[in-house]
Structure formats: structure tokens, C-alpha cells
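Close look at the chain arrangement
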Amino acid sequence: MSEVGRIVATLMQAREMAIVSHATPDGDCLGSMLALALALKQQGKRAISVNADPVPETLQFLPGQADIVSPDRVTRIPPLLVVVDSTDMERAGPVISTWDRQVEMIINIDHHVSNSFFGHLNMVDSSAAATAELIYALLQRMPVRITPEIATCLYTALITDTGSFQYENCTATTLRLAADLLEQGAKAQLMRE
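Residues numbered from 1 in each chain as written. Predicted model: local features only at pLDDT ≥ 70, side-chain atom pairs only at ≥ 80, totals over all residues. Heavy atoms only, no water.

Brief notes about the packing of helix α3 (residues 131-140) against helix α4 (residues 148-161)
The geometry of α3 relative to α4 is characterised by a closest axis approach of 9 Å and an angle of 150 degrees between their N-to-C directions. Judged on the interaxial angle alone, α4 and α3 are roughly antiparallel. Together, A132, E133, I135, Y136 and L139 of α3 and I150, L154, A157 and L158 of α4 make up the contact between the two elements. Its residues placed into classes, the contact of α3 with α4 shows 8 nonpolar, no polar and 1 charged. (Axes fitted to C-alpha atoms, helices over the stretch in contact; angles between N-to-C directions. Helix = DSSP H or I, 4+ residues; strand = E, 2+ residues; numbered from the N terminus. Parallel < 35°, antiparallel > 145°, perpendicular 65-115°, else oblique. Contact = heavy atoms within 4.5 Å. Nonpolar A, V, L, I, M, F, W, Y, C, P; charged D, E, K, R; others polar.)

Comments concerning the packing of helix α2 (residues 27-42) against α4
With their axes 7 Å apart at the nearest point, α2 and α4 run at an angle of 160 degrees to one another. Between α2 and α4, the interaxial angle falls into the category roughly antiparallel. In this structure, α2 meets α4 at a crossing whose hand is left-handed. Between α2, through G27, D28, G31, S32, L34, A35, L38, A39 and Q42, and α4, the contact on the second element is made entirely by E149, I150, C153, L154, A157, T160 and D161. (Left-handed = near helix turned anticlockwise from the far one by under 90°.)

Describing the sheet that holds strand β5 (residues 121-124)
Spatial strand order, β2-β1-β3-β4-β5: 5 strands in an open sheet with parallel pairing. Here the strands that pair on one side only, and so sit at the sheet edges, are β2 (46-50) and β5. Mean inter-strand twist for the sheet, computed between neighbouring axes without regard to direction, equals 15 degrees. Both strand β1 (residues 16-21) and strand β3 (residues 80-84) contribute to a ladder of 4 bridges, which runs parallel. Opposite S21, over in β3, you have V84 as the bridge partner. Sitting on the sheet, α2 is in contact with β1, β2, β3 and β4 (105-110), with an inclination near 165 degrees to β1. (Pairing = 2+ DSSP bridges.)

Some remarks on the nonpolar core
Membership of the largest hydrophobic core comes to 51 residues, with the highest contact counts inside it found for L11, I19, V82, I109, L139 and L181. Looking at this core, the element that brings in the most residues is α2, giving 9 residues. Beyond its immediate stretch of four places on either side in the chain, V82 contacts L11, M17, A18, I19, V20, L36, I107 and I109. Ranked by size, the runner-up nonpolar core spans 15 residues in total, among them I48, V74, V83 and I96. (Core = buried A, V, L, I, M, F, W, Y, C linked by side-chain atoms within 4.5 Å. Buried < 20%, exposed > 50% of the residue type's maximum accessible area, 1.4 Å probe, protein only.)

Digging into the pairing of β2
Most of β2 sits out of view: 4 of its 5 residues are buried. Following the backbone out of β1, through α2 and into the adjacent parallel β2, one traces a crossover that is right-handed. (Right-handed = clockwise from strand over helix to strand, strands pointing away.)

Let's talk about α3
With 8 of 10 residues buried, α3 lies mostly within the body of the structure. Looking at α3, one finds that the buried residues are T131, A132, E133, L134, I135, Y136, L138 and L139.

Things to note about the pattern of salt bridges
Under the criterion given, the structure shown has 4 salt bridges. E3 serves as the salt-bridge partner of R6, at 2.7 Å between the closest nitrogen and oxygen. Of the two residues, R6 and E3 both sit in helix α1 (residues 3-13), 3 residues apart, roughly one turn of that helix. Given the relative accessible area of 35%, R6 is considered partly exposed. On the basis of relative accessibility, which here comes to 25%, the residue E3 falls in the partly exposed class. Between E16 and R46 there is a salt bridge, with its nearest N and O atoms 3.0 Å apart. One end of the pair, E16, is in strand β1; the other, R46, is in strand β2, with 30 residues separating them in the sequence. A relative accessible area of 17% places E16 in the buried class. In this structure, a network of salt bridges that share partners links the residues E16, R46 and R76. (Salt bridge = Lys/Arg side-chain N within 4 Å of Asp/Glu carboxyl O.)

Brief notes about the side chain of T131
Along the chain, the position of T131 falls in helix α3. Taking the relative accessible area as the measure of exposure, T131 reaches 0% and is therefore buried. Polar contacts involving the side chain of T131 include one to the side chain of D85, which spans 2.8 Å. Other than its neighbours up to four places away in sequence, T131 contacts D28, S32, V84, D85, I109, D110 and H111. (Polar contact = N/O pair within 3.5 Å; in protein donor to acceptor, adjacent residues only side chain to side chain.)

Quick look at the structure:
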């Protein structure tokens, strides 16, 4: 089984997990984290979204953002930790960076070339314009429906990490994904500069 296959199987077998993204959050880390959490909740999973810092005002329209908790509000760390859009555990913040010793499994999903492959399972592809591209690829292999809420989170992630599709990292794959997300109900008009 491929690494991606093992990640999908692990997510489908787990009952609960914490999904974390990097401190000082941006659209890609938040959109990717929230899209994955929404998809897993569709499957009856207890997926808690955790970030060390508040959601920026410009991203407070993201579906599910009101459910993000700070690390100090997590009373029991689940056995599975999914870290998105972070090159290493330290990037998630000082409290979360200590959780690696308290969990059974870490899944690392990221698109940065500097990623340290810190997870037990790693889905790292530096050719992806945003971590959202990797999350979408995972969701395509899971029995989930891409709702308008999930599509909005992923579309926002793409927009922010590609500079509204103007940066060099934007590829034909990125644009095809953006079109798919719009067809699946992404609310592009919610994005504000």
C-alpha cells in the first residue's frame, strides 16, 4: 500500500484526531485544516481543529473556523495527530510541538520543500501550489462529499498561497482544481484581500 493509501486507511479507521496547522495562520493552513476536519466529521469522526493563534479577521468567513480551539483548551490529546502545512512540529507552536511524545501516530501533510518529514506517515509534495491540493487529493480517495463548505475552505487556501493565481507556483493542476471547487459550490465572493 502506498503512503497516501496508508494515510487514507488511518484516517478512516481512527475515531478521533486533532488536526493542527502552523502558528500565525494563513489561508492555506486554515483552509486545509478545516476542509479535512469537515470531511472527517461527515464520516462521524471526532476531528478537533487546533491552532495556537487566533483566526485573522480576513479569514473569519471560513466554514468551521468558530470551532478551532487553542492548544490550552484541549483537555485530552487524541491518539492521532494530523499536522497540515507545517515544515516541522515547532512551526505549530510551543505547546503543540510537545504533543509528538503524547500521541500514537502523526500524519504530516505539507507542500514546503523544507519539510522535515517528521510524521509517522508523510504526504509531502513541494510541487503542489498549496497544501490544499494535497488535502483535495486525499478527499478524492475517501468516501466523502465535497460540500460547498469544504470547497470554500480549499478554494481559499489556493487563492492565498498562489496570490490569487498570480504566483509562479500556480499550475494547470491548480487552476483545474479551482474550477472543480467552484463547480462544487465554493463561495469565491467571500474572499477579501
